[in-house]
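The chain contents come next:
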Amino acid sequence: MTTVMLVHGAWHRPNTWAKLETELHALGYGTHAPALPSAGENPTAGVHEDAAVLAEALASIAGPVVLLGHSYAGIPVTEAAAGAGNVQRLIYLAAYMPDKGQSMYTIHGLPDPDDVSGLFPLINEPHTSLYGDLPDDEAEQAMSTLVNQTNRSFAEKVDAAAWRDIPSTYIVTEHDQAIPTTLQEKMATQAAEIRRLAGGHSPFLSQPGRLAALIDEIVRSA
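All values reported here derive from a predicted model rather than from experimental measurement. (Residues numbered from 1 in each chain as written. Predicted model: local features only at pLDDT ≥ 70, side-chain atom pairs only at ≥ 80, totals over all residues. Heavy atoms only, no water.)

Peer 1: Is there a simple way to think about the side chain of Ser 202 in this case?
Peer 2: When you line up the elements, Ser 202 lands in the loop between β8 (193–197) and α9 (203–206). Judged by relative accessible area, which is 1%, Ser 202 ranks as buried. Excluding residues within four positions of it along the chain, Ser 202 makes contact with His 70, Leu 130 and Tyr 131. (Helix = DSSP H or I, 4+ residues; strand = E, 2+ residues; numbered from the N terminus. Buried < 20%, exposed > 50% of the residue type's maximum accessible area, 1.4 Å probe, protein only. Contact = heavy atoms within 4.5 Å.)

If you want it as structure tokens, here you go:
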């Protein structure tokens, strides 16, 4: 059985995947959703610690893995998968897709910060930017679960780019208000294939069935 490992983005926790996991299970996939240590109540970890957690999780799974990273998670996923032997495909869902030596800062064309300690501020207007296509009550519920995120995780550069050796798919979220579609399209040119989903930044909450069907199609077509 193929396992889909789902890696959450900044300020989130693994429970954000609950709806999508239910849909994937119904399609016959196993799932695993690790917690990144760069997000939490009092986090201190950066990209490399996140990647180490993912590498350990990958090593614990018997059988093939489809590794999906959402938003920030594309960065540690890119590093962690480089040392794994069981990752059949990478899926970048509205995600950062760095090359070796890049960070979130460099992808945005920003200089490295002088101080990487402390927390990175929550994205502006998260109700709209993260959950713009959710009903208000569901968006409020999702926002109530957000946690802190370290600045280190955005500033540290990856040591490897797994997408250079592992087949990859980039899913562009066409109405995204968190990561501009133009930036997604630019990063997506590095992927082996590009898919598109009409919706906002968090389709695993707004349209989990449709996203699960797209993941299934990607896996089967490969």
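Peer 1: Just to check I follow, could you spell out the nonpolar core for this structure?
Peer 2: It is characteristic of soluble globular proteins that their nonpolar side chains tend to be buried jointly. One finds Met 5, Leu 20, Leu 67 and Leu 90 to be the most contacted residues of the largest nonpolar core, which totals 69 residues. Residue contributions to this core peak at 6 residues, all from helix α10 (residues 208–221). Each residue touching Leu 20, except ones within four places of it in the same chain, is listed here: Leu 6, Phe 204, Pro 208, Leu 211, Ala 212 and Ile 215. (Core = buried A, V, L, I, M, F, W, Y, C linked by side-chain atoms within 4.5 Å.)

Peer 1: Please clarify how the side chain of Thr 169 should be interpreted in this entry.
Peer 2: You can see Thr 169 is positioned in strand β7 (residues 168–173). Here the side chain of Thr 169 touches Arg 89 through a polar contact of 2.7 Å, side chain to side chain. Among residues more than four places away in sequence, those in contact with Thr 169 are Arg 89, Leu 90, Ile 91, Tyr 92, Ala 191, Glu 193, Arg 195 and Ile 218. (Polar contact = N/O pair within 3.5 Å; in protein donor to acceptor, adjacent residues only side chain to side chain.)

Peer 1: I keep staring at the sheet that holds β8 and nothing clicks. Help me out?
Peer 2: Adjacent strands of a sheet pair through backbone hydrogen bonds, lying either parallel or antiparallel. In spatial order, the strands read β2-β1-β4-β5-β7-β8; together these 6 strands make up an open sheet with parallel pairing. Of all the strands in the sheet, just β2 (30–32) and β8 have a single pairing partner and so form its edges. Taking the axes of each pair of neighbouring strands and ignoring which way they run, one obtains an average angle of 20° across the sheet. Two elements, strand β1 (residues 3–7) and β2, share 3 bridges in a ladder whose sense is parallel. Within β2, the position partnered with Thr 3 by the bridge is Gly 30. Running at roughly 165° to β1, helix α2 (residues 47–59) makes contact with β1, β2, β4 (65–70) and β5 (87–93) of the sheet. (Pairing = 2+ DSSP bridges. Axes fitted to C-alpha atoms, helices over the stretch in contact; angles between N-to-C directions.)

Peer 1: What exactly am I supposed to notice about the pairing of β7 here?
Peer 2: Note on strand geometry: in a regular strand, side chains alternate between the two faces of the sheet. Buried residues dominate β7, accounting for 6 of its 6 residues. Alternating residues of β7 divide into Ser 168, Tyr 170 and Val 172 and Thr 169, Ile 171 and Thr 173, and every residue in both groups is buried. Taken together, the 4 bridges between β5 and β7 define a ladder with parallel strand orientation. When the bridges of β7 are listed, Leu 90 appears paired with Ser 168.

Peer 1: Sorry if this is basic, but what is going on with the pairing of β8 here?
Peer 2: Bridge count between β7 and β8: 5 bridges; the pairing is parallel. Pairing of Thr 169 across the sheet is with Glu 193, part of β8. A crossover links β7 with its parallel partner β8, the connecting element being helix α8 (residues 181–188), and its sense is right-handed. (Right-handed = clockwise from strand over helix to strand, strands pointing away.)

Peer 1: Explain the pattern of salt bridges here, please?
Peer 2: Pairing of side chains with opposite charge becomes possible as their charged atoms draw close. According to the stated counting rule, one finds 10 salt bridges in the structure shown. When the shortest N-O distance is used, the salt bridge between Arg 164 and Asp 99 registers 2.7 Å. Of this pair, Arg 164 sits in the loop between α7 (151–155) and β7 while Asp 99 sits in the loop between β5 and α4 (104–107); the two residues are 65 residues apart in sequence, bridging distant segments of the chain. Between Glu 193 and Arg 195 there is a salt bridge, with its nearest N and O atoms 3.3 Å apart. Look at Arg 195 and you get buried, because its relative accessible area is 15%. A single network of salt bridges, built from pairs that share partners, joins Arg 89, Glu 193, Arg 195 and Glu 217. (Salt bridge = Lys/Arg side-chain N within 4 Å of Asp/Glu carboxyl O.)

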